[in-house]
Amino acid sequence: MAKDYYDILGVSRSASEDEIKRAFRKKAHELHPDKAHGDEAKFKEANEAYQVLSNKEKKGQYDQFGQTFDQARRQGGAGPGGFGGFGDFSQGGGFQQGNVDFGDLGDIFGDIFGFGSGRSKRSRAKSGRDIQADLNLSFREAVFGIEKEINLYKQAVCEHCYGLGNEPGAKNETCPTCKGKGQVRQVVNSFFGQIAQTTVCPTCEGQGTISAQKCRVCSGTGRTRKDQTIKVSVPAGIDDGETLRLSGQGEAGEKSGHAGDLYLRIRVQSDSRFVRKGADIFSEVNISFPAAALGTKVEIETLDGSVSMKIQAGTQSGKIFRLNDKGVPFLRKRGRGDHLITVNVITPTRIHGKKKKLLEELAELDGENIEE
Ligand SMILES: [Zn+2]
Ligand SMILES: [Zn+2]
């Protein structure tokens, strides 16, 4: 059974984005390995839980399937439900819509009542930028899929403070804004008259304390620029010009803000033997004129190796043979395209001696007029 990330962070399944973030920060402070009563294993577990629950897409997958598609793929290839339906794949972007952004709801209420708390929070924990890069694949890699590693120089989560921005082990001070309460009261004049509302303290984000010292590695931003190796699972059937989206693999956000996404534009090398159109493969085979007339067997190179194909007697040049299911695997569904082979009948160009005589006899039998 998969781990219960909500249990690990100690929040309910209906916890908001902010609640999850606050719960993680609290756990991170308690469990940080540099603290006296820290626990590295538990800290990492909390971090893992936060990485999933703070990412809208991954959280959705986790809520629905008990694990994310990334995890499912690491365990055995197919995504939840048994297909290769990867949540982080898209063609040219665009089909990632459909997740409800409750964060915006907060903004809407904020706008109505004039608090604007959601917005100010967002600007402090700045989201990481998306990254675009090219991914070069060989013809076969695109056809059958592959695990690739790519190196990127990018903003990554600071390993010293785990993205929190505070110097680990440094003492905390009582928050000057809320005097340690973690909440502040605001009175706002609104359409309905005066409204007093208690909101989460914007300075300490409900902790009641703030760190006395910023992380000395990242100066409190929670991220550092460095080389990172990223594992990419390229699905079978991807084609030149398509885009692979890796959720959360862009630049790290500031102070554990959302990471951006990584968009990989796929470049596929051509192959001297095959031409690909969608899921179908095209190739040609040359046979001699006598072989075409009398029938023959030829070896055809396919994506799966060579196969023997029967050419019937009397085959004309240009005839197309179809090998079913020998083409490219369909992207995100079962089955494969076909392999279509065009037969070229080669007319001999230099004929001497016995060959010439035989052809002349043949022509005579057919009553042809031969020009010398
Ligand atoms: Zn740091
Ligand atoms: Zn405070």
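Procedures and definitions
- Residues numbered from 1 in each chain as written.
- Chains lettered and ligands numbered in written order.
- Predicted model: local features only at pLDDT ≥ 70, side-chain atom pairs only at ≥ 80, totals over all residues.
- Heavy atoms only, no water.
- Core = buried A, V, L, I, M, F, W, Y, C linked by side-chain atoms within 4.5 Å.
- Buried < 20%, exposed > 50% of the residue type's maximum accessible area, 1.4 Å probe, protein only.
- Helix = DSSP H or I, 4+ residues; strand = E, 2+ residues; numbered from the N terminus.
- Contact = heavy atoms within 4.5 Å.
- Phe/Tyr/Trp six-rings, centres within 6.5 Å; stacked < 30°, edge-to-face > 60°.
- Lys NZ or Arg CZ within 6 Å of the ring centre and 35° of its normal.
- Donors = N, O, S within 2.8 Å, 3.2 Å for Na, K, Ca; no water.
- Tetrahedral: all angles 85-135°; square planar, octahedral: opposite > 155°, others 65-115°.
- UniProt positions renumbered as here; feature names shortened; annotations may be inferred.
- Pairing = 2+ DSSP bridges.
- Axes fitted to C-alpha atoms, helices over the stretch in contact; angles between N-to-C directions.

Quick look at the nonpolar core now. One finds Tyr5, Leu9, Val11, Ile20, Phe24, Leu53 and Tyr62 to be the most contacted residues of the largest nonpolar core, which totals 19 residues. Contributions of two or more residues to this core are made by α1 (5-9), α2 (17-31) and α3 (40-53). Residue contributions to this core peak at six residues, all from α3. Residues contacting Val11, with those up to four places away along its chain left out, are Tyr6, Glu19, Ile20 and Ala23. Core analysis: the second largest hydrophobic core is formed by 18 residues, Ile230, Ile238, Ile266 and Leu331 among them.

Centre-to-centre distance and the angle between the planes together describe a pair of aromatic rings. Inspection of every chain in the model, using the stated rule, returns five aromatic pairs. Where Phe43 meets Tyr162, the ring centres are 4.2 Å apart and the plane angle is 65 degrees; that geometry is what we call edge-to-face. With Phe43 in helix α3 and Tyr162 in the loop between β2 (146-157) and β3 (172-174), the pair connects residues that are 119 residues apart, well separated along the chain. Phe43 sits in the buried class, given a relative accessible area of 0%. Members of the aromatic cluster, each reached through a chain of ring pairs, are Tyr5, Tyr6 and Tyr62. The ring of Phe282 carries the charged tip of Lys277 above its face, separated from the ring centre by 4.8 Å.

Another aspect to go through is the coordination of the zinc ion (ligand 1). Six octahedral donors around a metal ideally subtend angles of 90 or 180 degrees, whereas four tetrahedral donors ideally subtend 109.5 degrees. Ligation of the zinc ion (ligand 1) by protein atoms is provided by Cys158 (SG), Cys161 (SG), Cys215 (SG) and Cys218 (SG), these donors lying 2.2 to 2.3 Å from the ion. Of note is the zinc ion (ligand 1), whose four donor atoms meet at the metal with angles of 102 to 115 degrees in an arrangement that counts as tetrahedral. Mapping the donors of the zinc ion (ligand 1) onto the primary sequence gives the spacing C-x2-C-x53-C-x2-C. With a gap of 60 residues between them, Cys158 in the loop between β2 and β3 and Cys218 in the loop between β6 (209-211) and β7 (223-234) connect regions that are remote in the sequence. In this structure, Cys158 and Cys218 share a single accessibility class: buried.

We now examine the UniProt feature "repeat: CXXCXGXG motif" (unreviewed entry) in the chain. UniProt marks residues 158-165, 175-182, 201-208 and 215-222 with the feature "repeat: CXXCXGXG motif" (unreviewed entry), using the numbering shown here. Along residues 158-165 the backbone is 0% helical and 0% strand, and the end-to-end C-alpha distance reaches 8 Å. Helix makes up 0% of residues 215-222 and strand 0%. Its end C-alpha atoms lie 8 Å apart.

A word on the sheet that holds strand β11 (residues 280-288). Here we have four strands laid out as an open sheet, ordered β10-β11-β15-β14, and mixed in their pairing. One side of each edge strand has no neighbouring strand; the edge strands of this open sheet are β10 (275-277) and β14 (320-323). With strand direction ignored, the average angle separating the axes of adjacent strands in the sheet is 30 degrees. By the bridge criterion, four bridges tie β14 to strand β15 (residues 339-346) in an arrangement that is antiparallel. Bridge pairing in β15 places Ile320 opposite Thr342.

With that settled, consider the coordination of the zinc ion (ligand 2). In this structure, Cys175 (SG), Cys178 (SG), Cys201 (SG) and Cys204 (SG) serve as the protein donors to the zinc ion (ligand 2), at separations of 2.2 to 2.3 Å. Between the four donor atoms coordinating the zinc ion (ligand 2), the angles at the centre fall across 102 to 114 degrees, so the site counts as tetrahedral. Spacing between the donor residues of the zinc ion (ligand 2) along their common chain follows C-x2-C-x22-C-x2-C. With Cys175 in the loop between β3 and β4 (183-190) and Cys201 in the loop between β5 (193-200) and β6, the pair connects residues that are 26 residues apart, well separated along the chain. The exposure class assigned to Cys175 is buried, which follows from its relative accessible area of 1%. Here Cys201 falls in the buried class, since its relative accessible area comes to 0%.

Take the sheet that holds strand β9 (residues 262-268) next. Strand order in this open sheet of three strands is β1-β9-β8, and the pairing throughout is mixed. Each end of this open sheet is capped by a strand with a single partner; those strands are β1 (131-137) and β8 (243-246). Strand-to-strand, the axes of this sheet are offset by a mean angle of 30 degrees, without reference to chain direction. Alignment of β1 against β9, held across seven bridges, turns out to be parallel. The partner of Leu135 across the bridge, within β9, is Ile266.

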